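Residue-level structural notes
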Amino acid sequence: MMRVLLFGASGFIGAHVRRELNATADLVCPSRDECDLVAATPEALRALLGTLRPDAVVSCAGAVSGSAEDLIRANTLTTAKLVDAVADTVPGARLVRLGSAAEYGPVPSGAPAAEDRPVTPVSAYGVSQAAATRLMELAAAAGRVDAVALRVFNPVGPGMPRTTLLGRVAALLSHLTAGEDLRTGPLDAYRDFVDVRDVAAVVRRAVTVTAPRARVLNVGSGRAVPVRDAVQLLVSVSGRSVRIREDRPPSPRSGDVSWTCADVGRAASVLGWAPEHDLSDSVGALWSQTALAATPAR
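Only a predicted model underlies this, so the values are computations on that prediction, with no experimental measurement involved.

Section: the sheet that holds strand E4 (residues 94–100)
Sheet architecture is open: six strands sit in the order E2-E1-E3-E4-E5-E10, paired in parallel fashion. Each of the sheet's edge strands pairs with one partner strand only, and the pair in question is strand E2 (26–28) and strand E10 (216–219). Strand-to-strand twist of the sheet, defined as the mean angle between neighbouring strand axes without regard to direction, takes the value 20 degrees. Packed on one face of the sheet, helix H2 (residues 42–52) meets strand E1 (3–7), E2 and strand E3 (56–59) and runs near 150 degrees to E1. Relative to E4, helix H6 (residues 196–208) is tilted by about 150 degrees, and along the sheet it contacts E1, E3, E4, strand E5 (146–152) and E10.

Description of the pairing of E4
Across the seven residues of E4, seven count as buried, placing the element largely inside the fold. Residues Arg-94, Val-96, Leu-98 and Ser-100 point to one face of E4 and Leu-95, Arg-97 and Gly-99 to the other, with burial holding for every one of them. Judged from the four bridges that link them, E3 and E4 form a sheet pairing that is parallel. Directly across from Ser-59, in E4, lies its bridge partner Arg-97. Note on the crossover from E3 through helix H3 (residues 68–89) to E4: the handedness is right-handed. By the bridge criterion, seven bridges tie E4 to E5 in an arrangement that is parallel. Its bridge partner lying in E5, Arg-94 is registered against Asp-146. Crossover connection from E4 via helix H4 (residues 124–141) to parallel E5: handedness right-handed.

Re the pattern of salt bridges
Taken as a whole and judged by the stated rule, the model has 18 salt bridges. The closest approach of N and O atoms between Arg-46 and Glu-43, which form a salt bridge, is 3.7 Å. Of this pair, Arg-46 and Glu-43 both sit in helix H2, three residues apart, which is roughly one turn of the helix. In this structure, Asp-247 engages Arg-245 in a salt bridge whose closest nitrogen and oxygen atoms are separated by 3.4 Å. Judged by relative accessible area, Asp-247 falls into the partly exposed class, the value being 32%. Here Arg-245 falls in the partly exposed class, since its relative accessible area comes to 39%. If you follow the salt bridges from partner to partner, you end up with Asp-181, Arg-183, Arg-243, Arg-245 and Asp-247 in one network.

Looking at the layout of surface pockets
In this structure, the second largest pocket encloses a volume near 200 Å³. Of all the elements in the fold, those that place two or more residues in the lining of the second largest pocket are helix H1 (12–22) and H6. With six residues, H6 is the single largest residue contributor to the lining of the second largest pocket.

Here's the deal with a nonpolar patch on the surface
Taken together, the side chains of Ile-72, Leu-77 and Val-127 present a nonpolar region at the surface, about 220 Å² in accessible area. Take Ile-72: it is sitting in helix H3. Take Ile-72: its relative accessible area is 31%, and that puts it in the partly exposed class.

A closer look at the UniProt feature "domain: NAD-dependent epimerase/dehydratase" (unreviewed entry) in the protein
Mapped onto the present numbering, the UniProt feature "domain: NAD-dependent epimerase/dehydratase" (unreviewed entry) falls at residues 4–220. Span residues 4–220 is 39% helix and 18% strand, its end C-alpha atoms 24 Å apart.

About the thresholds
- Per chain, residue numbering runs from 1 following the sequence as it is written.
- Two thresholds apply to this predicted model, a pLDDT of at least 70 for residue-level local features and 80 or more for giving and counting side-chain atom pairs, whereas whole-chain, interface and lining totals are computed over all residues.
- Side-chain descriptors were evaluated using all non-hydrogen atoms of the structure, hydrogens and water having been removed beforehand.
- Any two strands are treated as partners once DSSP identifies two or more bridges connecting them.
- Only DSSP runs of H or I reaching four residues or more are called helices, and only runs of E reaching two or more are called strands; each is numbered from the N terminus.
- To obtain an axis, a line is fitted to C-alpha atoms, over the contacting stretch when the element is a helix, and the angle between two such axes runs from 0 to 180 degrees between their N-to-C directions.
- In what follows, a contact means two residues having at least one pair of non-hydrogen atoms within 4.5 Å.
- Between buried and exposed lies partly exposed: a residue is buried under 20% and exposed over 50% of the maximum accessible area for its type, with that area taken using a 1.4 Å probe on protein chains only.
- With the strands aimed away from the viewer, a crossover counts as right-handed if its path from the first strand over the helix to the second runs clockwise.
- We define a salt bridge as a contact between a side-chain nitrogen of Lys or Arg and a carboxyl oxygen of Asp or Glu at a distance within 4 Å.
- Cavities and pockets were defined on a 1 Å grid built from protein atoms only: a cavity is a group of points that admits a 1.4 Å probe but offers it no way out, a pocket is an open group of points flanked by protein on both sides within 12 Å along at least five of seven lines, and a lining residue is one with an atom within 4 Å of any such point.
- Grid points are joined across faces, edges and corners, and a volume is the space filled by probe spheres set on the points.
- Here, patches come from residues exposed beyond 30% relative accessible area and free of salt bridges, joined within 9 Å for like charges and within 5 Å for nonpolar side chains (Val, Leu, Ile, Met, Phe, Trp, Tyr).
- Using a 1.4 Å probe, accessible areas were evaluated by the Shrake-Rupley method; residue-level cover was limited to the displayed protein chains.
- UniProt positions are given in the numbering used here, feature names are shortened, and annotations may be inferred rather than shown by experiment.

Laid out in structure tokens, this is it:
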């Protein structure tokens, strides 16, 4: 059984990755108190890796909001520290990190983004993620680390936090009654929604695949969906008769990107992976968990 060191196991995606890997790996999941990647010194990371001697290191940690400095620290600098620590201590270990579709920036409507497309991020978040992915690419090309970067598009499913659009909508719906207003930002963009359980499955494959032929892989559904349709689907699943009012500000992470869709051909070819859950399944699972959490205990 291979030993896997997983950072960010308490987060939305990380919790699903933890469940996915737990059955087949000797899994070590340090809490933030035990090892905060932002605060950890390079010496501390090397000491941890030297003690555990993992066969793979997976990072689901990072930040999606904050100042540009916060995002660079949490996403780019932590990746630099991880790359150096793995290269110095366990160079044979597979390093897997989750990146983001925000790395691409605007793409032409109707054109799925392939991994060899030049990245032109338009937010500090996208810049921090693109720089982290590039650091991994360079280290892998130089033979310093055995690295795979996964550009995750818009994950959705059970456990989705309120910091995301659909997570916030689900939380609001759990408290709204018939006839009330559901207030959101603009919903006219198109997004590629991928089930978080499918993301966890692709992480497992990235950990275990032998000699991957590519180091950067998109993780998405391969389908662009109007955000308005996704919100209306969630409202329908909830059974709440509410009015949707799009009068809130757009997301600072992706407000300048009107259309995103992943070309998932490389993930299929390199990892033999394809998404198994459709958006209805993802939204249904999100709502079921949200509604259960909102039900008063008896």
